[in-house]
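Each chain, written out:
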Amino acid sequence: MGVYPPTLENLIRHLAKLPGIGQKSATRVALYILEHPKELAEQLSRSLLEVKEKIRFCSVCFNFTDDDPCSICRDESRANGVICIVEGPGDQLAIEESGVFKGKYHVLHGVLSPLDGVGPEDLKISELLARLERESICEAIMAINPTTEGEATVSFLSKLLSDRGMTLSRIALGIPMGGDVKYMDAMTLRHALQSRTCIRP
Ligand SMILES: [Zn+2]
């Protein structure tokens, strides 16, 4: 038998299933909800249901949206012929929050991972090809994570998109801001040197 009443144990068990939330955090969140006015629990449960009911994929870029097409796909000022291909909605959000990219996006919803049974047909790749037929795209930037699967995905897409008359690029790999060259692993240093940028031609 648990320390807490079964109803509270049940909430902790469900919260602990969420990513990044262990048993301790789940207990803290559950106790916080329990100790605060009922309105908090009502607002939370309403928001949880609302995201499931209202949020869906944009039929163009496959990002999460409550309007289809999403506001970025509808924004004509962003139709500059540059498309940024990302792994998941979280990656798109991070780039968007940085405010440095003013083109459009395409969310793959994963990366190729044959060992996990994830092939091209499981990602939004055919949708990307269909999109390239419809839209005038002059550059595709791949902002895909530098994991083994990510590298395989970049390589696959590079071959697939190579003869489409557009520039293919990927975001630079290397030393993060605030990083220190002497503490970087060999792979990071290799990528950093390969992705070097010219500051004086
Ligand atoms: Zn969209």
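Residues numbered from 1 in each chain as written. Predicted model: local features only at pLDDT ≥ 70, side-chain atom pairs only at ≥ 80, totals over all residues. Heavy atoms only, no water.

Visitor: I'd like a description of the coordination of the zinc ion, backed by residues and values.
Guide: Of the protein atoms, only Cys 58 (SG), Cys 61 (SG), Cys 70 (SG) and Cys 73 (SG) coordinate the zinc ion, at distances of 2.3 Å. Taken together, the four donor atoms surrounding the zinc ion define angles of 107 to 116 degrees at the centre, an arrangement classified as tetrahedral. The sequence pattern describing where the donors of the zinc ion fall on their chain is C-x2-C-x8-C-x2-C. The class of Cys 70 is buried, set by a relative accessible area of 5%. (Donors = N, O, S within 2.8 Å, 3.2 Å for Na, K, Ca; no water. Tetrahedral: all angles 85-135°; square planar, octahedral: opposite > 155°, others 65-115°. Buried < 20%, exposed > 50% of the residue type's maximum accessible area, 1.4 Å probe, protein only.)

Visitor: Explain the pattern of salt bridges residue by residue, including any values.
Guide: Counted by the stated rule, this structure contains six salt bridges. Among the ionic pairs, Glu 135 bridges to Arg 131, the shortest N-O distance being 2.8 Å. Between Arg 170 and Glu 151 there is a salt bridge whose closest N-O contact spans 2.8 Å. With Arg 170 in strand S6 (residues 167-170) and Glu 151 in helix H7 (residues 148-161), the pair connects residues that are 19 residues apart, well separated along the chain. Classification of Arg 170 as partly exposed rests on a relative accessible area of 29%. (Salt bridge = Lys/Arg side-chain N within 4 Å of Asp/Glu carboxyl O. Helix = DSSP H or I, 4+ residues; strand = E, 2+ residues; numbered from the N terminus.)

Visitor: Got a sec to walk through the packing of helix H1 (residues 6-15) against helix H2 (residues 23-35)? Specific residues and values, please.
Guide: At a minimum axis distance of 8 Å, the contact between H1 and H2 shows a crossing angle of 130 degrees. The pairing of H1 with H2 is recorded here as oblique in orientation. The hand of the H1/H2 crossing is right-handed. Seen from H1, the contacting residues are Leu 8, Leu 11, Ile 12 and Leu 15; seen from H2, they are Gln 23, Ala 26, Thr 27, Val 29, Ala 30, Leu 31 and Leu 34. (Axes fitted to C-alpha atoms, helices over the stretch in contact; angles between N-to-C directions. Parallel < 35°, antiparallel > 145°, perpendicular 65-115°, else oblique. Left-handed = near helix turned anticlockwise from the far one by under 90°. Contact = heavy atoms within 4.5 Å.)

Visitor: Describe the layout of surface pockets, and please don't skip the residues or the numbers.
Guide: Where empty space is left in the structure can be found by rolling a water-sized probe over the atoms. Here the largest pocket is characterised by a volume of approximately 350 Å³. Contributing elements (two or more residues each) for the lining of the largest pocket: H1, H2 and helix H3 (38-54). Element by element, the count of residues in the lining of the largest pocket is highest for H3, at five residues. A breakdown of the residues in the lining of the largest pocket according to their chemical character gives eight nonpolar, three polar and no charged. (1 Å grid on protein atoms, 1.4 Å probe; cavity = no way out; pocket = protein on both sides within 12 Å on 5 of 7 lines; lining within 4 Å. Points joined across faces, edges and corners; volume = space filled by probe spheres on them. Nonpolar A, V, L, I, M, F, W, Y, C, P; charged D, E, K, R; others polar.)

Visitor: Would you mind going over H2 in detail, with residue names and values included?
Guide: With 13 residues, H2 should cover 18 Å at 1.5 Å per step; its first-to-last C-alpha distance of 18 Å lies within 8% of that length. Of the residues making up H2, those classed as buried are Ala 26, Thr 27, Ala 30 and Ile 33. The buried side chains of H2 occupy one side of the element, clustering within an arc of 130 degrees when seen end-on. Facing away from the buried surface of H2 by more than 90 degrees, the exposed residues are Lys 24, Arg 28 and Glu 35. Against the buried residues of H2 lie H1 and H3. (Expected span 1.5 Å × (residues − 1). Arc of directions from axis to C-beta.)

Visitor: Hey, could you go over the packing of aromatic side chains for me, with residue numbers and the actual values?
Guide: Throughout the structure, instances matching the rule amount to two aromatic pairs. Between Phe 57 and Phe 64, the aromatic rings sit 5.2 Å apart at their centres with planes inclined by 20 degrees, giving stacked as the arrangement. Look at Phe 57 and you get partly exposed, because its relative accessible area is 37%. Ring centres 5.2 Å apart and planes at 65 degrees place the aromatic pair Phe 101 and Tyr 105 in the edge-to-face group. One exposure class covers both Phe 101 and Tyr 105, and it is buried. (Phe/Tyr/Trp six-rings, centres within 6.5 Å; stacked < 30°, edge-to-face > 60°.)

Visitor: Describe the pairing of S6, listing the residues and the values that go with them.
Guide: Relative to S6, strand S5 (residues 139-143) runs parallel, the two sharing four bridges. What sits directly across from Ile 141, in S6, is Ser 169. In this view, the connection linking S5 to its parallel neighbour S6 by way of H7 has right-handed handedness. (Pairing = 2+ DSSP bridges. Right-handed = clockwise from strand over helix to strand, strands pointing away.)

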